[in-house]
Amino acid sequence: MGKLIYSSIASLDGYIADQDGNFDWAAPDEAVHTFVNDLERQIGTYLYGRGMYDVMRYWETAPTGGDQPPVVRDYAQIWQAADKIVYSKTLPTVSSARTRIERDFDPEAVRQMKVTVGRDISVGGPVLAAQAIRAGLVDEFRLFVVPIVVGGGKPSLPNNVRVKLELLDERRFGSGVVHLHYRTRT
Ligand SMILES: NC(=O)c1ccc[n+]([C@@H]2O[C@H](COP(=O)([O-])OP(=O)(O)OC[C@H]3O[C@@H](n4cnc5c(N)ncnc54)[C@H](OP(=O)(O)O)[C@@H]3O)[C@@H](O)[C@H]2O)c1
């Protein structure tokens, strides 16, 4: 049995990328990265929208030599060790190991996966995550709030959905980033 967790790093006004498609302002510093690594270590399977996969597949071949910071080498290992499912109607093939493509998002298949897996599942990419949230599949939200207002872009959370939440934990970092950990209330 595993939980489905939606994690995102977003501006204070709730965008994961700004109107120009930039998200360099969301790059975690070492302290946030270390914290993220420890969360990601619990993840057995990533469910990715194709847009998020296009960014994250960098980690399959990320430089991991001795000149790289330990936190970066650690993250690359964690990412490569996990299973990935990419949702896409257009992606012809994948460019990472332990990865398969699904052409449709089937909520029932994800519900079954939650029952059968031994470790938690992460959903990433706002378009895909919106469908999981609307289907009532997301058990926990881990939102990293970056101290910036960008005024528009790609929203982290969908419109026209209501989810009651219980705050499990919060953590502030020296950079001004705040991590908010919520559980879905039934
Ligand atoms: N803030 C941060 O730290 C951070 C980190 C990484 C990335 N980002 C940003 O986040 C963006 C990713 O967001 P995104 O808007 O591209 O959303 P996304 O959810 O990652 O990807 C959307 C794509 O997923 C596929 N998809 C979604 N639902 C599907 C379904 N039901 N069946 C089949 N395929 C489905 C479609 O791919 P097809 O079009 O191929 O069918 C769709 O175009 C990146 O491009 C980047 O800008 C931000």
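Residues numbered from 1 in each chain as written. Predicted model: local features only at pLDDT ≥ 70, side-chain atom pairs only at ≥ 80, totals over all residues. Heavy atoms only, no water.

(A) Quick look at the nonpolar core. Ranked by size, the top nonpolar core spans 24 residues in total, and within it Y46, W59, W79 and F144 carry the most contacts. Taken together, the elements giving at least two residues each to this core come down to α1 (30–40), β3 (43–49), α2 (50–56) and α3 (70–81). With six residues, α3 is the single largest residue contributor to this core. Setting aside residues up to four positions removed in sequence, Y46 forms contacts with E40, I78, W79, A82, D83, K84, I85 and S122. Grouped together as the second largest cluster of nonpolar side chains are 19 residues, A129, I133, V138 and L143 included. (Core = buried A, V, L, I, M, F, W, Y, C linked by side-chain atoms within 4.5 Å. Buried < 20%, exposed > 50% of the residue type's maximum accessible area, 1.4 Å probe, protein only. Helix = DSSP H or I, 4+ residues; strand = E, 2+ residues; numbered from the N terminus. Contact = heavy atoms within 4.5 Å.)

(B) Representation of the packing of aromatic side chains within the structure. All told, the structure shown has nine aromatic pairs when counted by the stated rule. When the centroid spacing of 6.3 Å and the interplanar angle of 85 degrees are considered together, the rings of Y6 and F141 count as edge-to-face. In this pair, Y6 sits in strand β1 (residues 4–11) while F141 sits in strand β7 (residues 140–146), placing the two residues 135 residues apart along the sequence. A ring pair is formed by W59 and Y75, whose centres lie 4.7 Å apart and whose planes are at 70 degrees; its orientation type is edge-to-face. Here the residue W59 occupies a position in the loop between α2 and α3, and Y75 occupies one in helix α3, the gap between them amounting to 16 residues. Ring pairs connect the aromatic residues Y46, Y48, Y53 and W79, which therefore count as one cluster. Note that K84 overlies the ring of W79, its terminal NZ or CZ placed 4.0 Å from the centroid. (Phe/Tyr/Trp six-rings, centres within 6.5 Å; stacked < 30°, edge-to-face > 60°. Lys NZ or Arg CZ within 6 Å of the ring centre and 35° of its normal.)

(C) Examining the pattern of salt bridges more closely. Following the criterion strictly, the structure yields 12 salt bridges and no others. Close ionic contact of D120 with K3 constitutes a salt bridge, the shortest N to O distance being 3.8 Å. Residue D120 is found in strand β6 (residues 120–124), and its partner K3 is found in the segment before β1; the two are separated by 117 residues along the sequence. Residue classification places D120 among the buried residues on the basis of a relative accessible area of 15%. R57 is the salt-bridge partner of D54, the closest N and O atoms lying 3.6 Å from each other. The exposure class assigned to D54 is partly exposed, which follows from its relative accessible area of 32%. It is possible to trace a salt-bridge network through shared partners that takes in K3, D120 and E140. (Salt bridge = Lys/Arg side-chain N within 4 Å of Asp/Glu carboxyl O.)

By themselves, these observations are geometric and do not establish any function.
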